[in-house]
Amino acid sequence: MKKQSGLSFYAVMVILLIVGVVAKAGIAIVPMYWDNRMLQQVLETMHKSKTVTGTSSVKDLHGVLAARIRSNSLNISLDGLVATRSKGVLTMDWNYEVKEHFMGNLYVVGQFSHHEEFE
């Protein structure tokens, strides 16, 4: 008798299921982290270009951020942005979360936080 080798049909289906779930998770998670990385670059550019300084108003900060988020097509809300001015320093604390559909009634939620000081 010849010995059989290889995977059974069920083993192949389980492997495909695992690969599919991991791929779906990657598709849900990677864009939110990509947007956060792009936001970090936007904030770095704002520091380097001195678009927002310690003498800028909170309204100016909101306007610049809204324009840059729009121009970079980022899926980030300005709702959690808290900005204060004191002694020539504009401080920004921004906590936000991004909720992406995973499958069925399951969602993946990413929470991000940024603290910046513009002088």
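Rules behind the numbers
Residues numbered from 1 in each chain as written. Predicted model: local features only at pLDDT ≥ 70, side-chain atom pairs only at ≥ 80, totals over all residues. Heavy atoms only, no water. Helix = DSSP H or I, 4+ residues; strand = E, 2+ residues; numbered from the N terminus. Rg over C-alpha atoms; globule rule 2.2 N^0.38 Å. Phe/Tyr/Trp six-rings, centres within 6.5 Å; stacked < 30°, edge-to-face > 60°. Buried < 20%, exposed > 50% of the residue type's maximum accessible area, 1.4 Å probe, protein only. Lys NZ or Arg CZ within 6 Å of the ring centre and 35° of its normal. Expected span 1.5 Å × (residues − 1). Contact = heavy atoms within 4.5 Å. Pairing = 2+ DSSP bridges. Core = buried A, V, L, I, M, F, W, Y, C linked by side-chain atoms within 4.5 Å. Axes fitted to C-alpha atoms, helices over the stretch in contact; angles between N-to-C directions.

Draft legend 1. Spotlight on the overall build of the protein chain. Broken down by element type, the protein chain carries two helices and three strands. Secondary structure elements of the protein chain, listed N to C terminal, follow the sequence α-α-β-β-β. Taken over the C-alpha trace, the protein chain has a radius of gyration of 22 Å; the compact-globule value for 119 residues is 14 Å, which it surpasses by more than 25%. In terms of overall dimensions, the protein chain has C-alpha extents of about 85 × 30 × 25 Å along its principal axes.

Draft legend 2. Focus on the packing of aromatic side chains. Under the criterion given, the structure shown has four aromatic pairs. Ring centres 5.5 Å apart and planes at 50 degrees place the aromatic pair tryptophan 94 and tyrosine 96 in the tilted group. Note on accessibility: tryptophan 94 and tyrosine 96 belong to one class, buried. For lysine 99, the ring lying beneath its charged end belongs to tyrosine 107, and the centroid distance is 4.6 Å.

Draft legend 3. Expanded view of helix 1 (residues 9–49). For helix 1, built from 41 residues, the straight-helix expectation of 60 Å at 1.5 Å per residue is met to within 8% by its first-to-last C-alpha distance of 59 Å. Burial in helix 1 covers these residues: Ala25, Ala28, Met32, Asp35, Asn36, Leu39, Val42, Leu43 and Met46. Taken from the residues just after helix 1, lysine 50 is the one with a positive phi, measuring 55 degrees.

Draft legend 4. A look at the environment of methionine 32. Secondary-structure assignment places methionine 32 in helix 1. A relative accessible area of 3% places methionine 32 in the buried class. Counting along the chain gives 76 residues from methionine 32 to valine 108, while the straight-line C-alpha distance between them is 9.8 Å.

Draft legend 5. Seen up close, the side chain of threonine 91. Take threonine 91: it is sitting in strand 2 (residues 89–103). The contact partners of threonine 91, leaving out residues within four places of it in the chain, are Val82, Ala83, Thr84, His115, Glu116 and Glu117.

Draft legend 6. How the structure looks around the pairing of strand 1 (residues 81–86). With six bridges joining them, strand 1 and strand 2 adopt antiparallel strand pairing. Residue pairing across strands places valine 82 opposite aspartate 93, the latter belonging to strand 2. Between strand 1 and strand 2, which pair antiparallel in sequence order, lie two residues; one of them, lysine 87, sits at a positive phi of approximately 50 degrees.

Draft legend 7. Representation of the nonpolar core. The biggest cluster of nonpolar side chains holds 25 residues, and the ones touching the most others in it are Met46, Leu61, Leu65, Met92 and Trp94. When residues of this core are traced back to their parent elements, those giving at least two are helix 1, helix 2 (58–71), strand 1, strand 2 and strand 3 (106–118). Examining the composition of this core, we find that seven residues originate from one element, helix 1, more than from any other. When near neighbours in sequence (up to four residues on either side) are disregarded, methionine 92 contacts Leu43, Leu61, Leu65, Leu81, Val82, Ala83, His114, His115, Glu116 and Phe118.

Draft legend 8. The arrangement of the sheet that holds strand 1 in detail. The three strands lie next to each other as 1-2-3, forming an open sheet whose pairing is antiparallel. Of all the strands in the sheet, the pair left with one neighbour each is strand 1 and strand 3. Taking each pair of neighbouring strands and ignoring which way they run, the sheet shows an average axis angle of 10 degrees. Inspection of the sheet shows strand 2 paired to strand 3 by 13 bridges, in the antiparallel sense. Its bridge partner lying in strand 3, valine 98 is registered against glycine 110. Sitting on the sheet, helix 1 touches strand 2 and strand 3, and the angle it makes with strand 3 is about 10 degrees. Against the sheet, helix 2 touches strand 1, strand 2 and strand 3, its axis set at about 35 degrees to strand 2.

Distances and angles like these do not, on their own, reveal function.
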